[in-house]
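The residues making up each chain are set out below.
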Amino acid sequence: MKIVSNRLLSLFVLASAVLMTGCATKFERQAFNGEAAAHIKTITLPQWNDAEENAAVVINHPGNSFGLIGMAVAAADTASKTKKLNEVVPPATAKVTTAFYNEALPLLKSMGYEVIVVPAKRGDKFDDVKAALNKPQGQDASLFLTMGAGYNAAGASTDYFPAMAVIATLTDIKSNKVVYNEIYQYGYNTGDKEVIFVAAAPDCKFKDIDALTANPDKTRTCLMAGPALLAKQITSDLKK
Amino acid sequence: MNKKQFALILLSTSTFAIAQTSEVKTETATVAATVAVAETCCKQYAELNKTALPLTLTKIFLDEKTPVYDFGNKAQAYILLELPKFTEPYSFIVHNFPLAPGMFNRTSFTQIALRIEMFDENFVSKRMYRHTGMKKHGIGFDKTVFINPQNQSERYALIYGDLTAAPEEATISQRDTMFVGTGFFVGGEDKKISLSSSDKGLITVEAKGLKEVK
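Describing the pairing of strand β14 (residues 184-197) of chain B
All names here are of chain B. In this structure, strand β7 (residues 108-111) lies alongside β14, joined through four bridges in parallel fashion. The partner of Phe 109 across the bridge, within β14, is Leu 195. Relative to β14, strand β13 (residues 168-179) runs antiparallel, the two being bridged by twelve bridges. Across the sheet, Thr 177 pairs through a bridge with Val 186, a residue of β14. Here β13 folds back onto β14, and the loop between the two strands holds four residues, one of which, Gly 181, carries a positive phi near 95°.

Structure below.
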């Protein structure tokens, strides 16, 4: 059950990147105005634990065209492919979330931010995590982060690309105003203009699940390049 | 897999399905950055055609009829935005949508490798942003320009494409819907595209933090 919850959170974040930009309600992206945010020195952010699995997902699974039974087939196929991926690249050797924080936290500190880390557990309600971030602890702003990672393929017969999505929202504690709100996506590119896209290495694509699991080192390397690249981009966007 | 696990996986998969069927709906206006005949009009920036910074999300087409100016490579299309007099901080977002101009070739795209130069009222250059320092939003270059108190002397934003920008390649992974007789079949496709630099194309401009003066 726990495994499914973790998979769900990853899928949720990856899906949110699409949902938040694709719904009738427009995602209100907001670039960070460093010059106007000189007063933001201390920030809180959630430190999520690693997912217990990295998902392998066919985004537009053909099963979804065939009603509930088809969707059930699609869900079972996703579970099976995710299992295959995690057998050859065990999650303990591909800790995407940890890698993100290992890169991001020192960068934020080197930029002059004092960072207060608030532990968060996958499965926790976002509202509870936000409340913990906003609890007065000397911070000027709270940086709410959600992230998910794995491999995505657009369809049943298209390539798998490494995918990591991060949604980052910085809220000024005093004014309660959102001063930065962006969606970042590594590897898998839907072409959505609301999403900041960071490309993977050109050879980081795999024609099917067999190719994805044939060379675990390459599969892991392509996936693990994502957190470092996104951490660099996000911290660079938060420069004052 | 028990029933609850199964239901959760099913839910997550349908979330993707729903997400993929949604489309971005935004209100846009269109401004015609065109005049009757394209010609190299001017010897100095002060003589260039000006367009007021639009307050809402606005599409601007740079095409054959757009006024041109020679920035050093050849006469090329541009848009010169006239900024309002500074009263409070604001920003504007410039985004380029790459286009596939060929009727039969939908994989060769052109993009405007954005160059944005900020000028004061006497056309003295204050800041310059090049595409090489910009992020890609989807497949298009994108830049948010902030006008803070220290930038209040800036009154014009000149936008044009860097014609020397290197060609690029990209893959867009998207939904592919087919009608198969009994209904729609939703699948996915990877579209590999090439992006070459052009002075023509579509950009959007959106101001944030500005109120309409009545």
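Observations concerning the confidence of the model for chain B
Residue and element names in this part refer to chain B. Taken as a whole, chain B shows an average pLDDT of 83; of its residues, 79% reach a score of 70 or greater. In the predicted structure, residues 1-28 sits below a pLDDT of 50 and forms 53 contacts with residues beyond four places in sequence or in another chain. Per-residue pLDDT stays below 50 along residues 32-37; that stretch engages in 14 contacts with residues further than four places along the chain or on separate chains. Reported confidence for the predicted complex is 0.86 by ipTM and 0.86 by pTM.

Remarks on the environment of B:Phe61
Position of B:Phe61 relative to the elements: it lies in strand β3 (residues 58-62). In sequence terms B:Phe61 and B:Leu81 are 20 residues apart; their C-alpha atoms lie 14 Å from each other.

As for the pairing of strand β6 (residues 90-97) of chain B
Residues and elements named next belong to chain B. Burial within β6 is extensive, with seven of its eight residues counted as buried. Taken together, the six bridges between β6 and strand β11 (residues 140-147) define a ladder with antiparallel strand orientation. For Ser 91, the partnering residue across the bridge sits in β11 and is Phe 146.

Some thoughts on the packing of helix α3 (residues 96-110) of chain A against helix α6 (residues 216-237) of chain A
All names here are of chain A. Relative orientation of the contacting elements α3 and α6 amounts to 30°, with a least axis distance of 8 Å. With respect to their mutual orientation, α3 and α6 come out roughly parallel. The handedness of the crossing between α3 and α6 is right-handed. Side by side, α3 and α6 meet where Val 96, Ala 99, Phe 100, Glu 103, Ala 104, Leu 107 and Leu 108 of the first sit next to Leu 223, Met 224, Pro 227, Ala 228, Leu 230, Ala 231, Lys 232, Ile 234 and Thr 235 of the second. Per-class residue counts for the contact of α3 with α6 are 13 nonpolar, one polar and two charged.

Basis of the calculations
Residues numbered from 1 in each chain as written. Chains lettered and ligands numbered in written order. Predicted model: local features only at pLDDT ≥ 70, side-chain atom pairs only at ≥ 80, totals over all residues. Heavy atoms only, no water. Pairing = 2+ DSSP bridges. Helix = DSSP H or I, 4+ residues; strand = E, 2+ residues; numbered from the N terminus. pLDDT = per-residue confidence, 0-100. Contact = heavy atoms within 4.5 Å. Buried < 20%, exposed > 50% of the residue type's maximum accessible area, 1.4 Å probe, protein only. Axes fitted to C-alpha atoms, helices over the stretch in contact; angles between N-to-C directions. Parallel < 35°, antiparallel > 145°, perpendicular 65-115°, else oblique. Left-handed = near helix turned anticlockwise from the far one by under 90°. Nonpolar A, V, L, I, M, F, W, Y, C, P; charged D, E, K, R; others polar.

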